[in-house]
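# A closer look at the structure
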Amino acid sequence: MRWTDLFRAYFREHTLASPQLETFDHFTHVTLPELLRSQQIVLREELVVAVIRFGNPRCLRPRDLGSCRPVFPSEAQTRGLSYDMDVEADAFVTLYDRESRRVIQHRRVRALHLFKCPVMVRSWQCNLTLHPEQEPASELGGYFIIEGKERALVTQERLHYNQVYTRPSKNKRYSFSAEVRSIKEGASYSVLTEVKLTQRGEEIVVANNYLLHDIPLLILILAWGLPAARVWDLVELRAPGGAAPRPDLVAILKKNVAPFEHLTQEAAFAFIAERTVNKMEGGRQRAYARHILDNDLFPHLGMLSDRQAHAAYLGRMASKLLLTYRGLRVENDRDHIANKRLEMSGHLIGNLLNSLWRKCVKNAEQVLMKRPSPADLGRPKDLLASALQR
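The structure displayed is predicted, hence computed values, not measured ones.

On the surface, a nonpolar cluster with roughly 620 Å² of combined accessible area is contributed by Trp3, Phe7, Tyr10, Phe11 and Leu16. Checked against the element boundaries, Leu16 lands in the loop between α1 (3-11) and α2 (18-38).

Quick look at the structure:
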């Protein structure tokens, strides 16, 4: 099959707006319900704790506020309206006894209005899905209508997450760096971890968002409870197709192992705990440092992965760094399309809503705590609706 035949087959069933429409439909059917369920309001009093969770979300198609009849894109443009949908959900209010954790009361607030969200023209939530005759077939959609004007979200081109890229370092102190922007499934933030080699090729260090200073490679491996000798298994020093480790790479690694090979796990862990960005009091500092080691260096590996898996991944990063430094591996082309991902409308609006919903829930929690008795939800629907609208 020629590529022209492939394109014709695709556009017989799709349009140029189809990728945007598919991502927005994924947002309304998958991302939006997950976001609403991910946040909860916790109100603590002297005797009871009130927990408010959200579930069974519903997206109502665009409608006229007065008559509740469907509104179509052309009418929204003519009248200067925003083509949006009401998002509702059920709120589950549970009261616990603070000491025994026994459930005292459980209520369900049905159809609580949360917020409005723009609707993409020709998406599943658009009224044209049920009444296609209201607009000409040439209307492809893929855009929003805000106060009567057409608006579109520009697709963002970004590097892939969870992939290691090597390149010359922008910092004059270092020659090359291997970096990975790690993000776990369902998270709204990523963590940048870098393995860097100094200009003379003498020191390999690791940098992370949560570490104030660079940490030598071996100290991290020791802090994970692995002996210093394991570094030779974790860092591959053979050139592609080679049978034996390269002597020059072995010499570089020896220089990084020798100063710390007699360091204990406890001493390595204390070294890292002193260099975290946030400072805690007492034993909390050590717990915070342990959390960074286990969860915040490579979040995409998952919380169930053991420390040996983290050390193995770090070793592969160091191996790619050394091979690139010696010209035995080509540095990654960060501009190549294979290393890019496209964030379209559904993904972008999902990221925006995630931060706004978190802020909304936090503000609602503060408003409810200022009530004379936050846990006394005598009229829970009115109380929650008023708090969420602030």
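Residue placement: Ser18 occurs in helix α2. At a separation of 2.8 Å, a polar atom in the side chain of Ser18 contacts the main-chain amide nitrogen of Thr15.

Below, the discussion takes up the side chain of Glu179. Within the secondary structure, Glu179 is located in strand β9 (residues 174-182). Take Glu179: its relative accessible area is 8%, and that puts it in the buried class. Polar side-chain contacts of Glu179 include one of 3.4 Å to the side chain of Arg167. Here Arg334 takes part through its side chain, which lies 2.9 Å from a polar atom of the side chain of Glu179. When residues no more than four places from it in sequence are discounted, the contact partners of Glu179 are Gln163, Val164, Tyr165, Arg167, Leu192, Thr193, Glu194, Met317 and Arg334.

A few words on the sheet that holds strand β4 (residues 103-118). What the four strands build is an open sheet, ordered β1-β2-β3-β4; its pairing is antiparallel. The sheet is open, and its two borders are formed by β1 (40-44) and β4, each paired with just one other strand. When the angles between neighbouring strand axes are averaged without regard to direction, this sheet yields 20°. Where strand β2 (residues 48-60) lies against strand β3 (residues 84-97), 11 bridges are found, and the strand directions are antiparallel. Its bridge partner lying in β3, Val48 is registered against Asp97. Strands β1, β2 and β4 of the sheet are contacted by helix α10 (residues 345-369), whose axis makes an angle of about 20° with β1.

Turning our eyes to something else, we now look at the packing of helix α7 (residues 265-273) against helix α8 (residues 284-296). Close contact between α7 and α8 brings their axes to 9 Å; oriented N to C, the two are set at 95°. The pairing of α7 with α8 is recorded here as roughly perpendicular in orientation. In contact with Glu266, Phe269, Ala270, Ile272 and Ala273 of α7, α8 contributes Gln285, Arg286, Ala289, Arg290 and Leu293. For the contact of α7 with α8, a count of residues per class yields six nonpolar, one polar and three charged.

Attention now moves to the environment of Trp224. Secondary-structure assignment places Trp224 in the loop between α4 (217-223) and α5 (231-234). Taking the C-alpha atoms as reference points, Trp224 and Gln39, 185 residues apart in sequence, are found 32 Å from one another. In terms of polar contacts, Trp224 uses its side chain to reach the backbone carbonyl oxygen of Leu293, at 3.3 Å.

As a further point, take the packing of aromatic side chains. Aromatic ring pairs are reported here in terms of the distance separating the ring centres and the angle at which the planes meet. Applying the stated criterion across every chain yields a total of eight aromatic pairs. Here Trp3 and Phe7 contribute two aromatic rings whose centre-to-centre distance is 5.6 Å and whose plane-to-plane angle is 90°, an arrangement assigned as edge-to-face. With Trp3 and Phe7 both in helix α1 and four residues apart, this pair spans about one turn of that helix. Residue Phe7 is classed as partly exposed on the basis of its relative accessible area of 46%. The positively charged end of Arg275 is found above the aromatic ring belonging to Phe271, 3.5 Å away from the centroid. Sitting above the plane of the Tyr161 ring, Arg341 keeps its charged end 3.8 Å from the centroid.

A separate point is the pairing of strand β10 (residues 191-198). Across the eight residues of β10, eight count as buried, placing the element largely inside the fold. Residues Val191, Thr193, Val195 and Leu197 point to one face of β10 and Leu192, Glu194, Lys196 and Thr198 to the other, with burial holding for every one of them. When β9 meets β10, the two strands line up antiparallel, connected through eight bridges. Within β10, the residue paired with Tyr174 across the bridge is Thr198. Relative to strand β11 (residues 204-208), β10 runs antiparallel, the two being bridged by five bridges. Within β11, the position partnered with Lys196 by the bridge is Val205.

Moving on, we come to the pattern of salt bridges. Across all of its chains, the model carries 21 salt bridges by this definition. In this structure, Arg108 and Asp90 form a salt bridge, with 2.7 Å as the shortest nitrogen-oxygen distance. Residue Arg108 is found in strand β4, and its partner Asp90 is found in strand β3; the two are separated by 18 residues along the sequence. The class of Arg108 is partly exposed, set by a relative accessible area of 38%. The salt bridge partner of Arg334 is Glu179, with a shortest N-O separation of 2.9 Å. Pair noted here: Arg334 is in the loop between α9 (307-325) and β13 (340-343) and Glu179 is in strand β9, with a separation of 155 residues, a long-range link. Look at the salt bridges and you will find they share partners, linking Asp64, Arg69, Glu75 and Arg79 into a network.

Criteria and thresholds
- Residues numbered from 1 in each chain as written.
- Predicted model: local features only at pLDDT ≥ 70, side-chain atom pairs only at ≥ 80, totals over all residues.
- Heavy atoms only, no water.
- Patch = residues over 30% accessible without salt bridge, like charges linked within 9 Å, V, L, I, M, F, W, Y side chains within 5 Å.
- Areas by Shrake-Rupley, 256 points an atom, 1.4 Å probe, with all protein chains shown as cover.
- Salt bridge = Lys/Arg side-chain N within 4 Å of Asp/Glu carboxyl O.
- Helix = DSSP H or I, 4+ residues; strand = E, 2+ residues; numbered from the N terminus.
- Polar contact = N/O pair within 3.5 Å; in protein donor to acceptor, adjacent residues only side chain to side chain.
- Buried < 20%, exposed > 50% of the residue type's maximum accessible area, 1.4 Å probe, protein only.
- Contact = heavy atoms within 4.5 Å.
- Pairing = 2+ DSSP bridges.
- Axes fitted to C-alpha atoms, helices over the stretch in contact; angles between N-to-C directions.
- Parallel < 35°, antiparallel > 145°, perpendicular 65-115°, else oblique.
- Nonpolar A, V, L, I, M, F, W, Y, C, P; charged D, E, K, R; others polar.
- Phe/Tyr/Trp six-rings, centres within 6.5 Å; stacked < 30°, edge-to-face > 60°.
- Lys NZ or Arg CZ within 6 Å of the ring centre and 35° of its normal.

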